[in-house]
Amino acid sequence: MRMLVGALLVLLFCFRGRAGLSPHFLKQPEDLVVLLGEEAWLPCALGAYRGLVQWTKDGLALGGERDLPGWSRYWISGNAASGQHDLHIRPVELEDEASYECQATQAGLRSRPAQLLVLVPPEPPQVLGGPSVSLVAGVPSNLTCRSRGDARPNPELLWLRDGVRLDGTTFHQILLKEGTTGSVESTLFLTPSSHDDGATLVCRARSQALPTGRDTAITLNLQYPPVVTLSAEPQTVQEGEKVTFLCQATAQPPVTGYRWAKGGSPVLGARGPRLEIVADVSFLTEPVSCEVSNAVGSANRSTALDVLFGPILQTKPEATSVDMGEDASFSCAWHGNPLPRITWTRLGGTQVLSSRPTLRLSSVGPEDAGDYVCRAEPGRSGLGGGAAEARLTVNAPPVVTALHSAPAFLRGPARVQCLVFASPAPEAVVWSWDEGFLEAGSRGRFLVETFAAPEGLGGQGPGLISVLHISGTQESDFSRGFNCSARNRLGEGGTQVYLGRRASFSKQKNMVRIPGSSDGSSSRGPGEEETGSSEDRGPIVPSDHSDLVLDEKEALETKDPTNGYYKVRGVSVSLSLGEAPGGGLFLPPPPPLRLPGTPTFYDFNPHLDMVPPCKLYRARAGYLTTPHPRAFTSYIKPTSFGAPDLTSGTPPFHYAAFPIPTHQRLQTHV
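Residues numbered from 1 in each chain as written. Predicted model: local features only at pLDDT ≥ 70, side-chain atom pairs only at ≥ 80, totals over all residues. Heavy atoms only, no water.

Caption draft 1: Fine view of the overall build of the protein. When helices and strands are tallied, the protein shows three helices and 47 strands. Every one of the 670 residues in the protein was classed for burial, and the buried ones make up 43%. Expressed as a percentage of contacts within the protein between residues at least 6 apart in sequence, the contacts between residues at least 24 apart total 65%. Only carbon and sulfur atoms are counted for the fraction: they give 52% of the accessible area of the protein, which is about 34,800 Å². (Helix = DSSP H or I, 4+ residues; strand = E, 2+ residues; numbered from the N terminus. Buried < 20%, exposed > 50% of the residue type's maximum accessible area, 1.4 Å probe, protein only. Contact = heavy atoms within 4.5 Å. Areas by Shrake-Rupley, 256 points an atom, 1.4 Å probe, with all protein chains shown as cover.)

Quick look at the structure:
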């Protein structure tokens, strides 16, 4: 039994040893990727096999010989005794792409199939229009890069500039037939500028077969309109000086022409890249432009000069009128470079009220009325500048002031007068007294005249002078006041005027009579004849000079030149005496504030005690000798004869009593 078991074990061992030596693959082929034209190598190794080994291509046997007759590019290599049966293909072509197996036919063994993939590198791409592509600057364009051939796999197309990949591309394929592809295209979209002229762009085709890719370069040839630079020399210039403009341009193709304009209007006769012109104020608002053209297009550049000039009045201030208590404003505008300095002052004053274009006055009163001056200082050139005036009228209730009136004789003619300033103009000027009132015309012994006062009188603008004439004064006229009042829409004002009484003379025979005043008005009644010859129109002195006294009653018995129209029986004489050259008495000329044809009155009363020199002087009649120095006893010589002061109260000189125009029928004096 034991011997039987041992034999069985020996037989089993022998069987297992024979089974371990059965044919098997030591190495099998694997999928392989190879470039077109290169060598493909598919390995195959068998163990414990001494029989026939062959390779199949897509199931087709290639043969059992080592040199594979009929397949000139195919062969089997390796030591057959050691079981090496490697398949070689060189050079690989597209037709070699297939599934390959290594087979041991006698042992019935087949390797796993190995797929051979043949890659075809891409050809260098083609850029349409290359190698030099012409584009127009500023115009959107596109560049097309195309890869042709049987590249496997299809290549990727890239655009590069200076080694940097460009964006803005699209990619697409063109189908030749179903299942196959033809060319591959990539389009680059761009809007070139003049700076792209001469730039080099690269189109690169790359794939798995050629990772580094293949490049094609092109050069951009840009056509662009002129690129213009405009300069001025000098840029800052005084008005009236010459300035030179220079217009420089780069262009492709070259420049064909220049055109100059100022403020949009062509500069006639200007040609070429240079312009010389005299600058003025208009260059600040009307820039100079230069337009340059070529075959592609044109470009324009402009520049404004900094022209220095003195102030010029643009907006003059306007006169304004406001009610008292309201706000007032004036505006003026001066144009200059540099910007002028503006100041506001009152006319004749130095205090600066404002340094802005607009002067604002709050809650104005009558004292604010007057002229205001807007002044601009000259510029650095010293030219321009000046002043503009505007008047402010403050509307307020009337201001009424009594004017000096000459004293009058009892039962003689007289006048009282007032000055009225009002804005708006007064609706009425009314005289009133105990018995009644009078606005215009005549009433009994009274007559009213109203006329415009001289411009600027009183410093308050235009005014009115109202005169109340009295014919045949009575005692009550010297003891009561005459009220002068005026009203407008803002209120009323008034003042009282009193009539002064003149001392009377006792005798008529020693009267000194002045037949005419300096304005040539006659002092004779219509029926009187003047003493002396027709050539002698000087003062008349009676031969008897015992006294310069005239009885008031006798003086009033003269003929009424108006035939009773105004009941005038006498007229007051007013005289102011000053020392004249040569020892005479000088009758001052009438003051300037009087109407033409108004008689002048001279007041003797203050000088009755003065000792006069030997002569009386009248402007037209000359000197008249008077032999009675005791008739004037207290004369004081005035220092000067100034302009009349027509404010309330007594004027500085008696001769300056404001002259009042008189009705033509009252121009007769006794």
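So much for the structure itself; the text now carries on.
Caption draft 2: Structural view of the sheet that holds strand 7 (residues 74-77). The strand order 3-8-7 describes an open sheet built from three strands, whose pairing is antiparallel. In this open sheet, the two edge strands, each paired with only one partner strand, are strand 3 (40-42) and strand 7. Going from strand to strand, the sheet's axes swing by 20 degrees on average, the running direction of each strand aside. In this sheet, strand 8 (residues 86-89) lies alongside strand 7 in antiparallel orientation, the contact comprising four bridges. (Pairing = 2+ DSSP bridges. Axes fitted to C-alpha atoms, helices over the stretch in contact; angles between N-to-C directions.)

Caption draft 3: Quick peek at the nonpolar core. Counting residues in hydrophobic clusters, the biggest one holds 23 residues, and the most contacted among them are W55, Y74, L87, I89 and Y100. Mapped onto this core, the elements with two or more residues apiece are strand 3, strand 5 (53-57), strand 7, strand 8, strand 9 (99-104) and strand 11 (114-119). What L87 contacts, discounting residues up to four positions off in sequence, is A40, W41, L42, W55, L62, L68, Y74, W75, I76 and Y100. Core analysis: the next-biggest nonpolar cluster, separate from the first, contains 22 residues, A414, V429, F478 and A486 among them. (Core = buried A, V, L, I, M, F, W, Y, C linked by side-chain atoms within 4.5 Å.)

Caption draft 4: Local environment of the packing of aromatic side chains. For the structure on display, the rule yields six aromatic pairs. Measuring from centroid to centroid gives 5.2 Å for W71 and Y74, while their planes differ by 50 degrees, and the two rings are tilted. On the accessibility criterion, W71 (24% relative accessible area) is partly exposed. Residue Y74 is classed as buried on the basis of its relative accessible area, which comes to 3%. Aromatic ring contacts, followed pair by pair, group F330, W344 and Y372 into a single cluster. For the cation-ring pair, K262 lies above F283, with the distance from its terminal atom to the ring centre recorded as 4.8 Å. Across the ring face of F409, the terminal group of R502 is positioned such that the distance to the ring centre comes to 5.8 Å. (Phe/Tyr/Trp six-rings, centres within 6.5 Å; stacked < 30°, edge-to-face > 60°. Lys NZ or Arg CZ within 6 Å of the ring centre and 35° of its normal.)

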